[in-house]
Amino acid sequence: MLHPSTRTFWWLPPTVIALLFLGAAPASAHAIAGQRLFPSTLTFDDPGIGAELPLVFSHLHDDGIDQNDLGMSVTKPITPSFSMTAATDYLGMTGGGLPNVHGWDNFALGAVWQVYLNPATESIGSFEIDRTFAHTGSRAVRSDYSTWSPQFNFGQGLGMVHASWLRPLAITGAIGADLPNDPQVPRMLNWDFSLQYSIPYLQDFVKYAGVKAPFNKMTPLIEFPMQTCLDRGCHGQTTGYIAPGVIWIGHYFQWGVELQVPVNHRTGNSVGIMFAFDFYLDDLSPHSFGKPLFD
Amino acid sequence: MRTLVGSFILLIALAATPAAWAHAFPDNSSPHVGATVAMAPKEVKVWFDGEIEPVFSTLVVKNASGKQVSTGKGTVDANNHVLLETPLPATLPAGTYTVYWSVIARDGHHTEGHFPFTVK
(Lines give C-alpha, C1' and ligand atoms only; values in the text may rest on other atoms or scores of the structure.)
Protein backbone atom coordinates (compact mmCIF):
# COMPACT_ATOMS: atom_id res chain seq x y z
CA MET A 1 0.00 0.00 0.00
CA LEU A 2 1.42 3.37 -0.97
CA HIS A 3 0.97 6.65 0.86
CA PRO A 4 2.55 10.04 0.19
CA SER A 5 4.02 10.87 3.59
CA THR A 6 6.52 9.14 5.85
CA ARG A 7 6.71 8.46 9.57
CA THR A 8 9.35 6.24 11.18
CA PHE A 9 9.89 4.83 14.62
CA TRP A 10 13.15 6.75 14.89
CA TRP A 11 13.92 5.47 18.39
CA LEU A 12 13.75 1.79 17.55
CA PRO A 13 17.02 1.11 15.69
CA PRO A 14 19.34 2.93 18.08
CA THR A 15 17.59 1.34 21.03
CA VAL A 16 18.01 -2.15 19.62
CA ILE A 17 21.65 -1.49 18.81
CA ALA A 18 22.29 -0.15 22.29
CA LEU A 19 20.69 -3.25 23.81
CA LEU A 20 22.72 -5.52 21.58
CA PHE A 21 25.95 -3.94 22.79
CA LEU A 22 25.25 -4.64 26.45
CA GLY A 23 27.51 -7.29 27.94
CA ALA A 24 29.69 -9.88 26.27
CA ALA A 25 31.27 -13.36 26.48
CA PRO A 26 33.44 -15.46 24.14
CA ALA A 27 32.76 -17.63 21.03
CA SER A 28 32.24 -17.50 17.28
CA ALA A 29 29.72 -16.98 14.53
CA HIS A 30 29.96 -17.72 10.80
CA ALA A 31 28.17 -20.69 9.31
CA ILE A 32 31.01 -23.21 9.62
CA ALA A 33 30.61 -26.98 9.74
CA GLY A 34 33.95 -28.76 9.94
CA GLN A 35 36.13 -27.35 7.20
CA ARG A 36 33.13 -25.96 5.31
CA LEU A 37 32.32 -22.24 5.46
CA PHE A 38 28.89 -21.38 4.10
CA PRO A 39 28.87 -17.77 2.88
CA SER A 40 25.86 -15.59 3.54
CA THR A 41 23.60 -15.84 0.54
CA LEU A 42 22.05 -12.67 -0.84
CA THR A 43 18.40 -13.67 -1.07
CA PHE A 44 17.84 -15.77 2.06
CA ASP A 45 19.48 -16.46 5.40
CA ASP A 46 22.47 -18.70 5.89
CA PRO A 47 22.14 -21.59 8.36
CA GLY A 48 24.56 -20.27 10.97
CA ILE A 49 24.38 -18.24 14.14
CA GLY A 50 25.38 -14.80 13.09
CA ALA A 51 27.29 -11.81 14.28
CA GLU A 52 27.02 -9.86 11.10
CA LEU A 53 25.82 -6.74 9.38
CA PRO A 54 24.67 -7.36 5.84
CA LEU A 55 23.71 -4.59 3.42
CA VAL A 56 21.97 -5.77 0.25
CA PHE A 57 21.06 -3.45 -2.61
CA SER A 58 18.83 -4.63 -5.42
CA HIS A 59 17.66 -2.82 -8.54
CA LEU A 60 14.91 -3.91 -10.87
CA HIS A 61 13.42 -2.14 -13.90
CA ASP A 62 10.09 -3.66 -14.78
CA ASP A 63 7.11 -2.30 -16.71
CA GLY A 64 8.74 1.11 -16.82
CA ILE A 65 9.17 1.28 -13.05
CA ASP A 66 12.55 1.41 -11.33
CA GLN A 67 12.49 -0.44 -8.03
CA ASN A 68 15.37 -0.02 -5.59
CA ASP A 69 15.71 -1.81 -2.28
CA LEU A 70 18.46 -1.35 0.30
CA GLY A 71 18.07 -4.10 2.87
CA MET A 72 20.00 -3.91 6.10
CA SER A 73 20.11 -5.96 9.23
CA VAL A 74 22.28 -6.62 12.23
CA THR A 75 22.62 -9.94 14.00
CA LYS A 76 23.90 -10.41 17.54
CA PRO A 77 24.73 -13.81 19.07
CA ILE A 78 23.08 -14.19 22.46
CA THR A 79 24.58 -17.63 23.13
CA PRO A 80 26.84 -19.72 20.86
CA SER A 81 23.69 -21.37 19.47
CA PHE A 82 21.16 -18.54 19.57
CA SER A 83 21.17 -15.13 17.89
CA MET A 84 18.80 -12.23 17.36
CA THR A 85 18.38 -10.01 14.31
CA ALA A 86 16.96 -6.55 13.67
CA ALA A 87 16.21 -5.66 10.07
CA THR A 88 14.53 -3.23 7.72
CA ASP A 89 14.66 -2.04 4.10
CA TYR A 90 14.73 1.34 2.42
CA LEU A 91 12.53 1.13 -0.66
CA GLY A 92 12.13 3.39 -3.63
CA MET A 93 10.01 3.28 -6.77
CA THR A 94 10.14 5.75 -9.64
CA GLY A 95 8.74 5.99 -13.15
CA GLY A 96 5.79 4.35 -14.82
CA GLY A 97 3.87 7.61 -14.82
CA LEU A 98 3.25 7.22 -11.09
CA PRO A 99 4.36 9.50 -8.24
CA ASN A 100 7.79 8.63 -6.90
CA VAL A 101 7.62 6.85 -3.57
CA HIS A 102 10.34 5.96 -1.13
CA GLY A 103 10.75 5.22 2.54
CA TRP A 104 11.51 2.66 5.20
CA ASP A 105 9.74 -0.65 5.18
CA ASN A 106 8.40 -2.10 8.40
CA PHE A 107 10.85 -3.04 11.13
CA ALA A 108 11.52 -6.72 11.79
CA LEU A 109 13.02 -8.72 14.64
CA GLY A 110 14.15 -12.32 14.41
CA ALA A 111 15.56 -15.14 16.50
CA VAL A 112 17.67 -18.06 15.26
CA TRP A 113 18.48 -21.33 17.01
CA GLN A 114 21.24 -23.66 15.84
CA VAL A 115 19.45 -26.99 15.93
CA TYR A 116 22.19 -29.20 14.54
CA LEU A 117 25.83 -28.99 13.56
CA ASN A 118 27.92 -31.95 12.40
CA PRO A 119 31.49 -31.02 11.45
CA ALA A 120 32.30 -34.50 10.13
CA THR A 121 29.51 -34.43 7.55
CA GLU A 122 29.59 -30.65 6.95
CA SER A 123 25.95 -30.41 7.99
CA ILE A 124 24.36 -27.43 9.69
CA GLY A 125 20.77 -26.40 10.38
CA SER A 126 18.89 -23.69 12.22
CA PHE A 127 15.34 -22.77 13.08
CA GLU A 128 14.38 -19.12 12.74
CA ILE A 129 11.34 -17.07 13.57
CA ASP A 130 10.89 -13.48 12.43
CA ARG A 131 8.27 -10.89 13.22
CA THR A 132 7.64 -7.89 10.97
CA PHE A 133 5.79 -5.15 12.85
CA ALA A 134 2.97 -3.22 11.22
CA HIS A 135 3.06 0.59 11.17
CA THR A 136 6.79 0.81 11.99
CA GLY A 137 7.85 1.91 8.51
CA SER A 138 7.16 4.88 6.30
CA ARG A 139 3.53 5.36 5.28
CA ALA A 140 4.62 5.52 1.65
CA VAL A 141 5.85 1.95 1.42
CA ARG A 142 4.97 0.00 4.54
CA SER A 143 2.41 -2.76 4.92
CA ASP A 144 -0.39 -2.21 7.42
CA TYR A 145 -0.17 -5.71 8.85
CA SER A 146 2.29 -7.69 10.90
CA THR A 147 3.75 -11.00 9.80
CA TRP A 148 5.14 -14.04 11.60
CA SER A 149 7.71 -15.95 9.53
CA PRO A 150 8.92 -19.30 10.89
CA GLN A 151 11.71 -20.82 8.83
CA PHE A 152 14.15 -23.73 8.76
CA ASN A 153 17.60 -23.07 7.30
CA PHE A 154 20.08 -25.76 6.34
CA GLY A 155 23.49 -26.23 4.75
CA GLN A 156 25.15 -29.37 3.48
CA GLY A 157 28.67 -29.61 2.11
CA LEU A 158 29.67 -32.38 -0.28
CA GLY A 159 33.17 -32.79 1.11
CA MET A 160 32.60 -36.48 1.84
CA VAL A 161 31.70 -37.58 -1.70
CA HIS A 162 34.06 -39.84 -3.64
CA ALA A 163 34.42 -37.61 -6.72
CA SER A 164 36.98 -35.04 -5.64
CA TRP A 165 35.79 -32.41 -8.14
CA LEU A 166 32.39 -32.40 -6.43
CA ARG A 167 33.73 -31.83 -2.90
CA PRO A 168 33.83 -28.00 -3.13
CA LEU A 169 30.09 -28.07 -3.84
CA ALA A 170 27.56 -27.22 -1.15
CA ILE A 171 23.82 -26.83 -0.97
CA THR A 172 22.02 -24.42 1.32
CA GLY A 173 18.34 -23.75 1.63
CA ALA A 174 15.49 -22.38 3.65
CA ILE A 175 11.87 -23.37 3.88
CA GLY A 176 9.34 -21.33 5.77
CA ALA A 177 6.14 -19.35 5.62
CA ASP A 178 4.91 -15.78 5.86
CA LEU A 179 1.82 -15.65 8.09
CA PRO A 180 0.28 -12.16 8.02
CA ASN A 181 -2.30 -11.12 10.59
CA ASP A 182 -4.52 -9.54 7.93
CA PRO A 183 -7.08 -12.12 6.71
CA GLN A 184 -7.14 -10.49 3.28
CA VAL A 185 -3.43 -10.99 2.72
CA PRO A 186 -2.39 -14.41 1.45
CA ARG A 187 -0.09 -16.68 3.37
CA MET A 188 3.05 -17.61 1.48
CA LEU A 189 5.34 -20.61 1.43
CA ASN A 190 8.96 -19.58 1.00
CA TRP A 191 11.34 -22.19 -0.38
CA ASP A 192 14.83 -21.09 -1.23
CA PHE A 193 17.97 -22.97 -2.09
CA SER A 194 21.43 -22.36 -3.47
CA LEU A 195 24.21 -24.33 -5.13
CA GLN A 196 27.70 -23.09 -4.26
CA TYR A 197 31.10 -24.07 -5.63
CA SER A 198 33.79 -22.89 -3.24
CA ILE A 199 37.16 -22.06 -4.81
CA PRO A 200 38.73 -21.70 -1.31
CA TYR A 201 37.48 -25.19 -0.42
CA LEU A 202 38.89 -26.58 -3.67
CA GLN A 203 42.33 -25.09 -3.09
CA ASP A 204 42.57 -25.58 0.68
CA PHE A 205 41.20 -29.11 1.00
CA VAL A 206 40.96 -30.86 -2.36
CA LYS A 207 43.57 -29.74 -4.88
CA TYR A 208 45.54 -26.55 -5.31
CA ALA A 209 44.55 -25.27 -8.75
CA GLY A 210 46.79 -22.22 -8.94
CA VAL A 211 43.90 -19.77 -8.73
CA LYS A 212 45.26 -16.43 -7.53
CA ALA A 213 43.74 -13.42 -5.78
CA PRO A 214 41.08 -12.19 -5.94
CA PHE A 215 39.54 -15.29 -7.52
CA ASN A 216 40.95 -17.64 -4.87
CA LYS A 217 38.45 -16.21 -2.35
CA MET A 218 35.43 -16.50 -4.62
CA THR A 219 32.47 -18.83 -4.52
CA PRO A 220 30.38 -18.93 -7.69
CA LEU A 221 26.82 -19.79 -6.84
CA ILE A 222 23.27 -19.79 -8.03
CA GLU A 223 20.36 -18.98 -5.75
CA PHE A 224 16.71 -19.84 -6.20
CA PRO A 225 14.52 -17.67 -3.94
CA MET A 226 10.99 -19.00 -4.50
CA GLN A 227 7.57 -18.23 -3.08
CA THR A 228 4.28 -20.08 -3.48
CA CYS A 229 0.94 -18.59 -2.49
CA LEU A 230 -1.04 -20.78 -0.11
CA ASP A 231 -4.53 -19.22 -0.13
CA ARG A 232 -6.65 -16.05 -0.59
CA GLY A 233 -7.30 -16.48 -4.28
CA CYS A 234 -3.75 -17.10 -5.45
CA HIS A 235 -3.39 -20.64 -4.16
CA GLY A 236 -0.59 -22.53 -5.86
CA GLN A 237 0.83 -19.61 -7.79
CA THR A 238 4.61 -19.52 -7.63
CA THR A 239 6.99 -16.66 -8.17
CA GLY A 240 10.73 -16.47 -7.79
CA TYR A 241 14.09 -15.79 -9.30
CA ILE A 242 17.12 -17.59 -10.59
CA ALA A 243 20.05 -15.63 -9.20
CA PRO A 244 23.49 -16.58 -10.53
CA GLY A 245 26.46 -14.71 -9.17
CA VAL A 246 29.59 -14.79 -7.08
CA ILE A 247 30.53 -14.13 -3.46
CA TRP A 248 34.00 -13.06 -2.40
CA ILE A 249 34.95 -13.92 1.17
CA GLY A 250 37.53 -11.86 3.02
CA HIS A 251 38.79 -11.61 6.57
CA TYR A 252 36.25 -9.16 7.88
CA PHE A 253 33.56 -8.99 5.25
CA GLN A 254 32.22 -10.59 2.12
CA TRP A 255 30.77 -9.01 -0.97
CA GLY A 256 28.59 -10.50 -3.62
CA VAL A 257 26.87 -9.69 -6.86
CA GLU A 258 24.03 -11.60 -8.48
CA LEU A 259 21.58 -11.24 -11.33
CA GLN A 260 17.86 -11.67 -10.66
CA VAL A 261 16.21 -13.56 -13.50
CA PRO A 262 12.45 -14.03 -13.05
CA VAL A 263 11.36 -17.67 -13.25
CA ASN A 264 8.05 -16.75 -14.93
CA HIS A 265 6.03 -13.81 -16.25
CA ARG A 266 4.07 -13.70 -13.00
CA THR A 267 7.30 -12.74 -11.27
CA GLY A 268 8.38 -10.13 -13.80
CA ASN A 269 9.76 -9.52 -17.24
CA SER A 270 13.14 -7.95 -16.58
CA VAL A 271 16.46 -8.98 -15.16
CA GLY A 272 17.52 -7.24 -11.97
CA ILE A 273 20.81 -7.01 -10.15
CA MET A 274 21.87 -7.27 -6.51
CA PHE A 275 24.98 -6.16 -4.65
CA ALA A 276 25.74 -7.08 -1.07
CA PHE A 277 28.30 -6.32 1.60
CA ASP A 278 28.23 -8.43 4.72
CA PHE A 279 30.44 -7.36 7.62
CA TYR A 280 31.61 -10.18 9.91
CA LEU A 281 31.10 -8.61 13.31
CA ASP A 282 32.52 -11.63 15.12
CA ASP A 283 35.81 -11.00 13.36
CA LEU A 284 35.68 -7.21 13.37
CA SER A 285 34.78 -7.09 17.02
CA PRO A 286 35.62 -10.46 18.57
CA HIS A 287 35.70 -9.18 22.14
CA SER A 288 32.56 -7.04 22.24
CA PHE A 289 29.69 -7.10 19.74
CA GLY A 290 30.88 -10.29 18.05
CA LYS A 291 30.76 -12.30 21.28
CA PRO A 292 27.63 -13.98 22.54
CA LEU A 293 26.17 -12.31 25.60
CA PHE A 294 26.23 -15.63 27.45
CA ASP A 295 28.72 -18.42 26.84
CA MET B 1 15.87 7.99 8.11
CA ARG B 2 18.95 9.88 9.26
CA THR B 3 18.67 8.20 12.63
CA LEU B 4 18.67 4.73 11.14
CA VAL B 5 21.51 5.44 8.75
CA GLY B 6 23.43 7.03 11.60
CA SER B 7 22.82 4.01 13.78
CA PHE B 8 24.27 1.65 11.21
CA ILE B 9 27.28 3.88 10.65
CA LEU B 10 27.77 3.99 14.41
CA LEU B 11 27.47 0.22 14.56
CA ILE B 12 30.13 -0.29 11.89
CA ALA B 13 32.42 2.20 13.62
CA LEU B 14 31.98 0.51 17.00
CA ALA B 15 32.49 -2.90 15.52
CA ALA B 16 35.65 -1.89 13.70
CA THR B 17 37.25 -0.08 16.62
CA PRO B 18 38.89 -2.93 18.58
CA ALA B 19 41.87 -4.87 17.30
CA ALA B 20 40.64 -7.55 14.90
CA TRP B 21 42.19 -10.81 13.74
CA ALA B 22 39.46 -12.97 12.23
CA HIS B 23 39.22 -16.68 11.49
CA ALA B 24 42.42 -18.20 10.12
CA PHE B 25 42.26 -20.14 6.86
CA PRO B 26 45.13 -21.60 4.78
CA ASP B 27 46.78 -19.29 2.29
CA ASN B 28 49.33 -21.71 0.89
CA SER B 29 51.07 -24.95 1.69
CA SER B 30 54.13 -27.04 0.88
CA PRO B 31 53.52 -29.52 -0.62
CA HIS B 32 50.50 -28.02 -2.34
CA VAL B 33 47.08 -29.41 -1.54
CA GLY B 34 46.51 -32.56 -3.59
CA ALA B 35 50.00 -32.46 -5.11
CA THR B 36 51.92 -35.48 -6.33
CA VAL B 37 55.64 -35.07 -5.65
CA ALA B 38 58.53 -37.10 -7.03
CA MET B 39 60.69 -36.70 -3.93
CA ALA B 40 59.46 -37.04 -0.40
CA PRO B 41 59.29 -33.62 1.29
CA LYS B 42 61.37 -33.05 4.41
CA GLU B 43 58.59 -31.11 6.09
CA VAL B 44 55.05 -29.92 5.64
CA LYS B 45 54.32 -26.21 5.91
CA VAL B 46 50.97 -24.44 5.94
CA TRP B 47 50.76 -20.66 5.75
CA PHE B 48 47.58 -19.09 7.11
CA ASP B 49 45.95 -15.79 6.26
CA GLY B 50 46.21 -14.57 9.84
CA GLU B 51 48.31 -15.09 12.95
CA ILE B 52 47.63 -18.23 14.96
CA GLU B 53 48.22 -19.24 18.58
CA PRO B 54 51.34 -21.45 18.98
CA VAL B 55 50.05 -23.33 22.02
CA PHE B 56 46.74 -24.48 20.57
CA SER B 57 47.59 -24.98 16.89
CA THR B 58 48.50 -28.43 15.61
CA LEU B 59 49.68 -30.04 12.38
CA VAL B 60 50.10 -33.80 11.95
CA VAL B 61 50.66 -35.98 8.90
CA LYS B 62 49.26 -39.50 8.63
CA ASN B 63 49.79 -42.23 6.06
CA ALA B 64 47.07 -44.08 4.18
CA SER B 65 46.51 -46.47 7.06
CA GLY B 66 46.02 -43.62 9.51
CA LYS B 67 49.37 -43.90 11.28
CA GLN B 68 51.03 -40.62 12.18
CA VAL B 69 54.31 -40.18 10.32
CA SER B 70 55.21 -36.67 11.44
CA THR B 71 56.90 -35.99 14.75
CA GLY B 72 55.04 -34.17 17.48
CA LYS B 73 52.07 -31.84 16.96
CA GLY B 74 53.70 -29.29 14.72
CA THR B 75 55.03 -25.87 15.65
CA VAL B 76 54.26 -22.28 14.79
CA ASP B 77 57.31 -20.48 13.42
CA ALA B 78 58.61 -18.20 16.16
CA ASN B 79 59.33 -15.40 13.69
CA ASN B 80 56.30 -15.87 11.49
CA HIS B 81 53.07 -16.56 13.35
CA VAL B 82 51.17 -17.42 10.18
CA LEU B 83 53.37 -20.46 9.46
CA LEU B 84 52.59 -23.88 10.95
CA GLU B 85 55.05 -26.67 10.15
CA THR B 86 56.13 -30.17 11.04
CA PRO B 87 59.17 -32.24 10.02
CA LEU B 88 58.82 -35.54 8.19
CA PRO B 89 61.04 -38.64 8.38
CA ALA B 90 64.04 -38.67 6.06
CA THR B 91 62.74 -41.80 4.39
CA LEU B 92 59.08 -41.35 3.59
CA PRO B 93 57.86 -44.22 1.41
CA ALA B 94 55.73 -43.71 -1.66
CA GLY B 95 52.05 -43.36 -0.93
CA THR B 96 49.27 -40.93 -0.16
CA TYR B 97 49.44 -38.87 3.01
CA THR B 98 46.93 -36.63 4.73
CA VAL B 99 47.81 -33.42 6.53
CA TYR B 100 45.52 -32.56 9.45
CA TRP B 101 45.63 -29.04 10.82
CA SER B 102 43.72 -27.38 13.61
CA VAL B 103 44.38 -23.77 14.57
CA ILE B 104 43.20 -21.10 16.94
CA ALA B 105 43.38 -17.60 15.52
CA ARG B 106 44.61 -14.78 17.71
CA ASP B 107 41.02 -13.81 18.54
CA GLY B 108 40.16 -17.32 19.71
CA HIS B 109 38.30 -18.53 16.63
CA HIS B 110 38.92 -22.18 15.79
CA THR B 111 39.25 -23.57 12.28
CA GLU B 112 40.36 -26.99 11.10
CA GLY B 113 40.87 -29.01 7.95
CA HIS B 114 42.84 -31.67 6.18
CA PHE B 115 44.28 -32.23 2.72
CA PRO B 116 46.15 -34.98 0.86
CA PHE B 117 49.44 -35.17 -0.99
CA THR B 118 51.09 -38.11 -2.71
CA VAL B 119 54.71 -39.24 -2.89
CA LYS B 120 55.47 -41.17 -6.07
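Residues numbered from 1 in each chain as written. Chains lettered and ligands numbered in written order. Predicted model: local features only at pLDDT ≥ 70, side-chain atom pairs only at ≥ 80, totals over all residues.

This part is about the overall build of chain B. Summing up its helical and strand segments, chain B has one helix and eight strands in all. When the helices and strands of chain B are read in sequence order from the N terminus, they spell out α-β-β-β-β-β-β-β-β. For chain B, contacts bridging at least 24 residues in sequence account for 60% of all contacts bridging at least 6. (Helix = DSSP H or I, 4+ residues; strand = E, 2+ residues; numbered from the N terminus. Contact = placed C-beta atoms within 7 Å.)

Our focus in this paragraph is the nonpolar core. The biggest cluster of nonpolar side chains holds 23 residues, and the ones touching the most others in it are F48(B), I52(B), L84(B), V99(B) and V103(B). Sorting the residues of this core by element identifies α2 (199–206) of chain A together with β3 (43–48), β4 (58–62), β7 (95–104) and β8 (110–119) of chain B as the ones contributing at least two each. No other element matches the four residues that β7(B) contributes to this core. Excluding anything up to four places from it in sequence, V99(B) contacts V44(B), L59(B), V61(B), H114(B), F115(B) and F117(B). Counting 10 residues, the second largest nonpolar core, distinct from the first, contains A51(A), F279(A), Y280(A) and L281(A). (Core = buried A, V, L, I, M, F, W, Y, C linked by C-beta atoms within 7 Å. Buried ≥ 20, exposed ≤ 12 C-beta atoms within 10 Å, placed from the backbone.)

Moving on: the confidence of the model for chain B. All names here are of chain B. Overall, the prediction assigns chain B a mean pLDDT of 87, with 82% of residues at 70 or greater. Low pLDDT, under 50, characterises residues 12–20; the predicted model gives this stretch 17 contacts beyond four residues in sequence or across chains. Overall fold confidence for the complex sits at a pTM of 0.86, while the interface term, ipTM, reaches 0.83. (pLDDT = per-residue confidence, 0-100.)

Residues and elements named next belong to chain B. With antiparallel pairing, the four strands of this open sheet are ordered in space as β1-β3-β6-β5. The sheet is open, and its two borders are formed by β1 (26–30) and β5 (75–76), each paired with just one other strand. Bridge count for β5 against strand β6 (residues 83–87) is two bridges, and the pairing is antiparallel. In the sheet register, T75 faces β6, and the bridge partner there is E85. (Pairing = 2+ DSSP bridges.)

What follows concerns unusual backbone geometry. Here the amide bond leading from A213(A) into P214(A) is cis, since omega sits at 5°, within 30 degrees of zero. Note that P214(A) resides in the loop between α2 and β12 (218–229). S30(B) connects to P31(B) through a cis peptide bond whose omega is 0°. Despite not being glycine, R232(A) has its phi angle at roughly 60°, a positive value. Locating R232(A) in the fold gives a position in the loop between β12 and β13 (238–249).

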